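Structural description and commentary
Letter by letter, the chains look like this.
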Amino acid sequence: MGLNETPAANRIHIAFFGRRNAGKSSVVNAVTGQDLAIVSQVKGTTTDPVYKAMELLPLGPVIIIDTPGIDDEGELGELRVKKSRQVLNKTDIAILVVDAQAGLTKDDQNLIVLFAAKNIPYLVAFNKSDIAETSMKLTENEILISAKTGEHIDKLKEKIASLIGTEEIKLRIIGDILNPSDFAVLVVPIDKSAPKGRLILPQQQTIRDILESDATAIVVKEFELRNTLENLGKKPKIVITDSQVFAKVNADTPSDIYLTSFSILMARYKGVLKTAVKGAKIIDELKAGDRILIAEGCTHHKQCDDIGSVKLPRWIKNYTQKQFDFHFTSGTQYPEDLDEYKLVVHCGGCMLNDREMKYRQKCSEDMKVPFTNYGILIAYMQGILTRSVAMFPEILAEIEE
């Protein structure tokens with residue numbers, strides 16, 4: 001992926017919901033101007049959520065999501081409905097497509113209740129206006145359209161755009177603490193699990209944020225750091241490292257240079273840093289046999305020494321000298337009920353949008369299950385967490401409480 005491409009996690013997620021044959025897929029195709037979704041008169045044609053990254057003016061980069069019908073039936077139907085509901089956790093704008101002839105049903109009304117509960121801006125699009133009674137009274141967030149004729153589709157897009165601001169994301173990765181001409185050294189081990197020939201997403205995003213602050217990004221491997229710092233000719237403002245080599249990088253980085261990790265910066269970028277720092281301390285209170293959930297936001301081929309499923313459990317055992325019951329999830333397979341866990345350790349969440357990452361953190365908060373992430377827990381266990389957040393005074397205060 002090039003540095004100019006917008007990651008899926010940074011795109012506005014617009015999801016289309018509704019009953020089978022309400023015309024969701026036809027509306028999706030009309031809004032996008034593409035044959036994104038399969039259209040059929042057969043109920044239940046959409047069996048899994050369909051995702052499409054695209055540019056949608058005036059919003060810009062978006063993810064369009066077409067979901068299975070919320071009234072699907074049978075054993076498989078229940079699974080499809082569950083997948084549709086899971087989409088809500090990452091939805092920034094919801095479009096409820098309703099057959100204008102049938103009107104709002106109980107299923108539709110239940111979805112509206114869910115939108116409100118999750119604080120998701122939404123519109124109700126009454127489809128099939130070309131064959132339905134058009135004298136119905138509409139509220140501000142309702143619109144009568146026809147995917148078949150294109151009636152009011154442009155107006156629907158305008159309403160979608162009005163539901164969410166298009167200003168730049170306010171949260172930064174690291175650029176806001178850098179001044180023009182500052183040096184930032186990035187320690188990037190060659191990760192076997194990364195796509196060949198590419199930097200992983202957090203590294204790309206961090207480099208981009210540094211450059212947008214008119215600072216200088218210098219990228220090295222872990223064994224080159226000490227020599228680079230000695231010969232750079234100018235003291236860098238910060239060293240940012242992959243969490244897997246935190247201990248070595250800490251030893252090689254002078255104490256008067258800020259040090260942190262990509263994972264810690266991702267927690268800040270996603271708005272969960274304070275919660276994750278607080279959660280890391282719980283590792284000292286766990287008892288042998290406690291269940292720990294290790295969750296990843298993406299799916300990838302597991303290597304023999306995978307950080308989430310192999311290294312992290314090993315480091316936790318070595319630090320605590322206790323045996324725990326580790327459970328693992330990846331991608332969208334995040335438990336709805338966390339009551340059985342004593343700690344959730346999440347990845348940086350670079351593939352999850354802000355809404356889904358905060359949803360996962362909120363699930364833990366609601367069930368009083370401590371929540372942290374890979375890099376923060378690693379830094380805590382290695383005794384360098386205070387140093388790793390020293391550039392963020394408001395977070396440092398959390399540690400010192």
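This text gives an overview of the structure that appears in the document. As the structure is a computational prediction, the values presented were derived from the model and not from experiment.

Side note on the nonpolar core
Among the nonpolar cores identified, the biggest contains 75 residues, and Ile174, Val239, Ile292, Ile316, Ile376 and Phe392 are the most heavily contacted of them. Every residue in contact with Ile376, bar those within four places of it in the chain, is listed here: Ile264, Ala267, Leu273, Ala276, Val277, Ala280 and Leu385. Within the second largest apolar cluster, 24 residues are counted, among which are Val31, Leu59, Ile64 and Ile145.

Details of the sheet that holds strand E6 (residues 142–144)
Strand pairing in a sheet relies on backbone hydrogen bonds, with the paired strands running either antiparallel or parallel. The strand order E2-E3-E1-E4-E5-E6 describes an open sheet built from six strands, whose pairing is mixed. Every interior strand has two partners, whereas the edge strands, strand E2 (50–56) and E6, have only one. Pairs of neighbouring strands in the sheet enclose a mean axial angle of 25°, with direction left out of account. Here strand E1 (residues 12–18) runs beside strand E4 (residues 93–99); their pairing, made up of five bridges, is parallel. The residue bridging Ala15 from the neighbouring strand is Ala94, located in E4. Here helix H1 (residues 24–32) sits on the sheet and contacts E1, E2, strand E3 (60–66), E4 and strand E5 (122–127); the angle it forms with E1, its principal contact strand, is near 145°. Where helix H3 (residues 106–117) meets the sheet, its contacts fall on E1, E4 and E5, and the angle it forms with E4 comes to roughly 170°.

Remarks on the packing of aromatic side chains
Tallying each qualifying case throughout the model produces three aromatic pairs. Taken together, a centroid distance of 5.7 Å and an interplanar angle of 55° make the contact between Phe17 and Phe115 tilted. Note that Phe17 is positioned in strand E1 and Phe115 in helix H3, a separation of 98 residues in sequence. Ring centres of Phe115 and Tyr122 lie 5.3 Å apart, and the angle between their planes is 40°; on these two criteria the pair is classed as tilted. Feature note: the residues Phe17, Phe115 and Tyr122 constitute an aromatic cluster, connected by ring pairs. For Lys234, the ring lying beneath its charged end belongs to Phe183, and the centroid distance is 4.7 Å.

Considerations on the pattern of salt bridges
Tallied over the full model, the rule gives 17 salt bridges. Taking the shortest distance from any N to any O, the salt bridge between Asp366 and Lys362 comes out at 2.7 Å. Highlighted residues: Asp366 and Lys362, both in helix H11 (residues 354–366), separated by four residues, approximately one helical turn. Here the residues in one salt-bridge network are Lys90, Glu356 and Arg360, joined through shared partners.

Observations concerning the packing of helix H10 (residues 307–320) against helix H12 (residues 374–381)
Running from N to C, H10 and H12 point in directions that differ by 25°, and their axes come no closer than 11 Å. As the angle between them shows, H10 and H12 are arranged roughly parallel. With respect to the hand of their crossing, H10 and H12 are arranged in left-handed fashion. Together, Ile307, Gly308, Leu312, Trp315, Ile316 and Tyr319 of H10 and Tyr374, Leu377, Ile378, Tyr380 and Met381 of H12 make up the contact between the two elements. Taken together, the residues of the contact of H10 with H12 break down into 10 nonpolar, one polar and no charged.

What about unusual backbone geometry?
Positioned with a positive phi, Asn21 is a non-glycine residue whose angle comes to about 65°. When you line up the elements, Asn21 lands in the loop between E1 and H1. Overall, the relative accessible area of 28% leaves Asn21 in the partly exposed class. Within the chain, His152 stands out as a residue other than glycine whose phi angle is a positive 65°. Among the secondary structure elements, His152 is positioned in the loop between E6 and helix H4 (153–162).

Topic: the pairing of strand E11 (residues 291–295)
For E11, a buried count of four out of five residues is recorded, marking the element as mostly surrounded by other parts of the structure. Judged from the five bridges that link them, E11 and strand E12 (residues 325–329) form a sheet pairing that is parallel. Paired with Ile292 across the two strands is Phe326, which belongs to E12. Here four bridges tie E11 to strand E13 (residues 343–346), and the two strands are oriented parallel to one another. Note that in E13 the partner of Leu293 across the bridge is Val344.

Cut-offs used in this document
Residues numbered from 1 in each chain as written. Predicted model: local features only at pLDDT ≥ 70, side-chain atom pairs only at ≥ 80, totals over all residues. Heavy atoms only, no water. Core = buried A, V, L, I, M, F, W, Y, C linked by side-chain atoms within 4.5 Å. Buried < 20%, exposed > 50% of the residue type's maximum accessible area, 1.4 Å probe, protein only. Contact = heavy atoms within 4.5 Å. Pairing = 2+ DSSP bridges. Helix = DSSP H or I, 4+ residues; strand = E, 2+ residues; numbered from the N terminus. Axes fitted to C-alpha atoms, helices over the stretch in contact; angles between N-to-C directions. Phe/Tyr/Trp six-rings, centres within 6.5 Å; stacked < 30°, edge-to-face > 60°. Lys NZ or Arg CZ within 6 Å of the ring centre and 35° of its normal. Salt bridge = Lys/Arg side-chain N within 4 Å of Asp/Glu carboxyl O. Parallel < 35°, antiparallel > 145°, perpendicular 65-115°, else oblique. Left-handed = near helix turned anticlockwise from the far one by under 90°. Nonpolar A, V, L, I, M, F, W, Y, C, P; charged D, E, K, R; others polar.

Any functional reading would require information that these geometric values do not contain.
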